[in-house]
Amino acid sequence: MYDPSQLRTFLAVAQTLSFTQAARRLGVRQSTVSQHVRRLEDAAGRQFFSRDTHSVELTEDGEAMLGFARRILEVQEQATAFFTGTRLRGRLRFGASEDFVLTRLPEILEGFRTDHPEVDLELTVELSGTLHEQLAAGHLDLVLAKRRPEDPRGELVWHDRLVWIGAERLRLDPDRPVPLIVYPPPGITRALALEALERQGRPWRIACTSGSLNGLIAAARAGLGVMAHSRGLVPPGLVRVPERAGLPELGEVDFVLVHGRRRPSAQDAADALATAILAGGDRLHRGRRGQGRRN
C-alpha cells in the first residue's frame, strides 16, 4: 500500500518540478519532501525523478505513477466523504484563465460536480489579469490563473517558462518589427512580451489582438505573427520559434490558485475545488511538454 501523504507529496513535486516549491505548497520542510519521495520510491522499487542541482524531471516510471497517485487519492477522498456523510452546498464562483481552454480542466470540474452535486458551480473564463481584478472586487471566490510577477499571493499549481510560438512556416524578417499576437490589457503575457522586446530594443507591432485564446491561435496558425505562451500549454498546430530568430527570453511564469474574500457559504466548496485542482494539476499540462518544439 502507498501512503497517501507520500502520494500528495509526490504529486506536488511532479506538478512544480521543484522540491522547494512542493515544500512551500504543503507547508512542510524540504527534507520532509525528500523523505516522502524516497520512501515512495522504495515502496515501488522504482525511481520517479531524475534530478541534479539545476533541475527536476519525471522519469517514465514517475509519469506512470502520476495517474495511479491521482486515482488513489481521489478514491480515498470519495470514500471519506461517503462515510462521514459530509455534503457540500452553496454557490461557488470560480474563475479560470483563458490558458486552460484547451486543457483537461473540464475533467477536473466534472469530477468535482460528481463528488459535490449540491454545489452550484459558476465558471468564469477570462484573462488572468481580469480574473485577479474580479477576485479583488469580491466577484469571485477562487481563481486559477497566471500570477503577476510582483504578486506573492496564491498557491502554486505549477511553474513553467514562457516561450515564443507561431506557425511552423512563419519566418521573421530581422529588419522589420516583430509582428505580435497578444491579449488586450491587462493580459499578463502581453505585458511580459512587450517588456522583453523593449529591454532588447527590438521594434514590434501589434498584428492581432483578441480576448479569446481561440482567436489568438487562429491568427498564429494563419502566420500573422508570434505570441508569448506557456511552454507546457503550446496549442496543436503551433511550434516554438527557433532561437535563430533572435527573440528575447521571456522568463518564467507561475500558475496559481488564489482565494477571494472568504464567504462562509462558499469557503468549504472553494477549499474542496482547490484540493481537486492541486491533486489533478498535471492534467492541465502534463503530456504537452516536448510538443511544439523546432530547431
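Cut-offs used in this document
- Residues numbered from 1 in each chain as written.
- Predicted model: local features only at pLDDT ≥ 70, side-chain atom pairs only at ≥ 80, totals over all residues.
- Heavy atoms only, no water.
- Helix = DSSP H or I, 4+ residues; strand = E, 2+ residues; numbered from the N terminus.
- Rg over C-alpha atoms; globule rule 2.2 N^0.38 Å.
- Buried < 20%, exposed > 50% of the residue type's maximum accessible area, 1.4 Å probe, protein only.
- Lys, Arg positive; Asp, Glu negative; His and termini not counted.
- Charge placed at Lys NZ, Arg CZ, Asp CG, Glu CD.
- Core = buried A, V, L, I, M, F, W, Y, C linked by side-chain atoms within 4.5 Å.
- Salt bridge = Lys/Arg side-chain N within 4 Å of Asp/Glu carboxyl O.
- 1 Å grid on protein atoms, 1.4 Å probe; cavity = no way out; pocket = protein on both sides within 12 Å on 5 of 7 lines; lining within 4 Å.
- Points joined across faces, edges and corners; volume = space filled by probe spheres on them.
- Nonpolar A, V, L, I, M, F, W, Y, C, P; charged D, E, K, R; others polar.

Enquirer: Just give me the short version of the overall build of the protein, but keep the residues and values in it.
Expert: Within the protein, the regular secondary structure consists of nine helices and 11 strands. Compactness check: the protein gives a C-alpha radius of gyration of 20 Å against a globular reference of 19 Å for 295 residues, within 12% of the reference. Taking the principal axes of its C-alpha atoms as reference, the protein extends roughly 65 × 45 × 30 Å. Out of the 295 residues belonging to the protein, those deemed buried represent 49%. Positive and negative charge centroids in the protein, built from 41 and 37 side chains respectively, lie 2 Å apart.

Enquirer: I'd like a description of the nonpolar core, backed by residues and values.
Expert: Grouped together as the largest cluster of nonpolar side chains are 43 residues, with contacts concentrated most on Phe94, Leu105, Leu144, Trp164 and Leu284. Among the elements of the structure, strand 3 (90–97), helix 5 (105–115), strand 5 (142–146), strand 6 (155–166), strand 7 (178–182), helix 7 (188–200), strand 11 (252–259) and helix 9 (264–279) are those that each provide at least two residues to this core. Judged by nonpolar contacts, the second largest core, of 20 residues, contains Phe10, Ala22, Leu40 and Val56.

Enquirer: Outline the pattern of salt bridges, supporting the account with residue identities and numerical values.
Expert: Taken as a whole and assessed by the stated rule, the structure comprises 11 salt bridges. A salt bridge links Arg263 to Asp141; the nearest nitrogen and oxygen atoms lie 2.8 Å apart. On the criterion of sequence distance, the pair formed by Arg263 in the loop between strand 11 and helix 9 and Asp141 in the loop between helix 6 (128–136) and strand 5 is long-range, its members being 122 residues apart. Residue classification places Arg263 among the partly exposed residues on the basis of a relative accessible area of 22%. The partner of Asp254 in a salt bridge is Arg147, with the nearest N and O atoms 2.7 Å apart. Highlighted residues: Asp254 in strand 11 and Arg147 in the loop between strand 5 and strand 6, separated in sequence by 107 residues. Per residue, the accessibility class of Asp254 equals that of Arg147, and both read buried. Each of Arg93, Asp141 and Arg263 takes part in salt bridges that share partners, so that together they form one network.

Enquirer: I'd like to hear about empty space enclosed by the protein, residue by residue, with values.
Expert: Within this structure, the stated rule accounts for two cavities of 30 Å³ or more. Taken as a whole, the largest cavity spans an internal volume of roughly 80 Å³. In terms of lining residues, the largest cavity is bounded by 13 residues, among which Ile181, Val182, Thr189, Met227 and Ala228 are the most central. Looking at the lining of the largest cavity, the elements with two or more residues in it are strand 7, helix 7 and strand 9 (227–230). Its residues assigned to classes, the lining of the largest cavity comprises 10 nonpolar, two polar and one charged. Put simply, the second largest cavity is a space of about 40 Å³.

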